[in-house]
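Here is how the chains run, residue by residue.
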Amino acid sequence: MTRYKLTIAYDGTKFHGFQRQNELRTVQGVLEKALSKMTKGQHIDVFGSGRTDAGVHAFGQVIHFDYPGSMPAKNMLRAINSLMPLDVLVKAAEIVDENFHARFGVKRKTYQYRVDCGHYTDPFKRFYTGHYPYALSVDKIQTAIKDLEGEHDFTSFAASGGVIENKVRTIYSASCVYNKNNDELVFEFTGNGFLYNMVRILVATLLEIGNGRRDVHDFLRLFEVKDRQEARGTAPASGLYLKEVFYE
């Protein structure tokens, strides 16, 4: 068996998330179906760096799998891309050591979130951005987002349904840039791990700060209260992208 590491991009609009689900179209399911064709019916388990929810996109999701026999990485790239639907692209393939694991070897991840600030919903952006048509102070958002950097307890920003008890995570960098040409806010978060819906909840809170509905440094209070009901909002899945996954 040969272990392959693949970096993939996908448009999450028509997927019910990354993880395999019976009767539903998922990214993992599409990949495993393609590998089954390549092996003439043999099932191969695909392991991802993490799950993405329905409607969430990826520029740089990482997967691994063990393939019977061996072929050069460039041939694997060509073969599996020939079986991909138009909303999935395998960007890179490499042969890795059998100890590599796409999920357990992750050291940090970067997520991007895009918010369309236009007054009306843009039909060409609706599947690829969140939408916030209200007044915003970018300066307030840029001040507030720096409070996220460092190690904090993110209990207030973990959606129900998560099974991880330890909610302490480290955010290495967090930024927000206004793209005037597209009338969009582009958020980026790099951390050692993210809780269920955490990025979408952080973005919703930042938008409330930018709109003046919260104090600029309300994150400091939210870290202390450890109460999901105090954060409340969750930005739509459509604006979220898994940008990059980092390993040793």
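Below: a short report on this structure. (Residues numbered from 1 in each chain as written. Predicted model: local features only at pLDDT ≥ 70, side-chain atom pairs only at ≥ 80, totals over all residues. Heavy atoms only, no water.)

1. Here's the deal with the overall build of the protein chain
Point 1. Within the protein chain, the secondary structure is distributed over six helices and ten strands.
Point 2. In terms of overall dimensions, the protein chain is globule-like: its C-alpha atoms have a radius of gyration of 19 Å, near the 18 Å expected for 248 residues.
Point 3. Its C-alpha atoms put the protein chain at 60 × 40 × 30 Å along the principal axes.
Point 4. By the burial criterion, 50% of the 248 residues in the protein chain qualify as buried.
Point 5. Summarising the internal contacts of the protein chain: among those between residues at least 6 apart in sequence, 70% fall at separations of at least 24.
Point 6. Accessible surface, the protein chain: about 12,600 Å² in total, of which carbon and sulfur atoms supply 49%. (Helix = DSSP H or I, 4+ residues; strand = E, 2+ residues; numbered from the N terminus. Rg over C-alpha atoms; globule rule 2.2 N^0.38 Å. Buried < 20%, exposed > 50% of the residue type's maximum accessible area, 1.4 Å probe, protein only. Contact = heavy atoms within 4.5 Å. Areas by Shrake-Rupley, 256 points an atom, 1.4 Å probe, with all protein chains shown as cover.)

2. Things to note about the layout of surface pockets
Point 1. Roughly 1,400 Å³ of volume is contained in the largest pocket.
Point 2. Lining the largest pocket we find 43 residues, and of these Gly-50, Arg-51, Arg-103, Ile-164 and Phe-194 sit closest to its centre.
Point 3. Among the elements of the structure, strand 2 (47–48), strand 5 (108–116) and helix 4 (198–210) are those that each provide at least two residues to the lining of the largest pocket.
Point 4. Tallied by class, the residues present in the lining of the largest pocket amount to 18 nonpolar, 15 polar and ten charged. (1 Å grid on protein atoms, 1.4 Å probe; cavity = no way out; pocket = protein on both sides within 12 Å on 5 of 7 lines; lining within 4 Å. Points joined across faces, edges and corners; volume = space filled by probe spheres on them. Nonpolar A, V, L, I, M, F, W, Y, C, P; charged D, E, K, R; others polar.)

3. Examining the packing of helix 3 (residues 138–145) against helix 4
Helix-helix packing is described using two parameters, namely the angle between the two axes and the distance between the axes.
Point 1. One way to put it is that helix 3 packs onto helix 4 with a least axis distance of 8 Å and a crossing angle of 135°. Our classification of the angle between helix 3 and helix 4 gives oblique. Here helix 3 runs over helix 4; the crossing is right-handed. Together, Lys-140, Ile-141, Ala-144 and Ile-145 of helix 3 and Leu-206, Ile-209 and Gly-210 of helix 4 make up the contact between the two elements.
Point 2. Each residue belonging to the contact of helix 3 with helix 4 can be placed in one class, and the counts come to five nonpolar, one polar and one charged. (Axes fitted to C-alpha atoms, helices over the stretch in contact; angles between N-to-C directions. Parallel < 35°, antiparallel > 145°, perpendicular 65-115°, else oblique. Left-handed = near helix turned anticlockwise from the far one by under 90°.)

4. Side note on the packing of aromatic side chains
Point 1. Under the defined criterion, the tally for this structure stands at 14 aromatic pairs.
Point 2. Ring geometry for Phe-59 versus Tyr-241: centroids 4.9 Å apart, planes at 15°, classification stacked. Remark: Tyr-241 occurs in strand 10 (residues 240–246) and Phe-59 occurs in strand 3 (residues 57–67); sequence separation between them is 182 residues.
Point 3. Clustering of aromatic rings is evident, with ring pairs tying together Phe-154, Phe-157, Phe-219 and Phe-223.
Point 4. Its end group placed over the ring of Phe-15, Arg-25 keeps NZ or CZ at 4.0 Å from the ring centre.
Point 5. Taking NZ or CZ as reference, Arg-108 lies 4.0 Å from the ring centre of Phe-246, over its face. (Phe/Tyr/Trp six-rings, centres within 6.5 Å; stacked < 30°, edge-to-face > 60°. Lys NZ or Arg CZ within 6 Å of the ring centre and 35° of its normal.)

5. A word on helix 4
For an α-helix the count is 3.6 residues per turn, leaving residues at separations of three or four pointing the same way.
Point 1. Here helix 4 is 13 residues long and its end C-alpha atoms lie 18 Å apart, about the 18 Å a rise of 1.5 Å per residue gives.
Point 2. Judged by how many residues are buried, helix 4 sits mostly within the fold: 13 of 13 residues are covered.
Point 3. Of the residues flanking the end of helix 4, it is Gly-212, one or two places downstream, whose phi is positive at about 85°. (Expected span 1.5 Å × (residues − 1).)

6. Let's talk about the packing of helix 1 (residues 27–38) against helix 2 (residues 73–81)
Point 1. Helix 2 packs onto helix 1 with a crossing angle of 110° between their chain directions and a minimal axis gap of 10 Å. Between helix 1 and helix 2, the angle falls in the class roughly perpendicular. Listed contacts from helix 2 to Leu-31, Ala-34, Leu-35 and Met-38 of helix 1 are Met-76, Ala-79 and Ile-80.
Point 2. Partitioned by chemical class, the residues of the contact of helix 1 with helix 2 number seven nonpolar, no polar and no charged.

Fair warning: the whole summary comes from geometry, so function is off the table for now.
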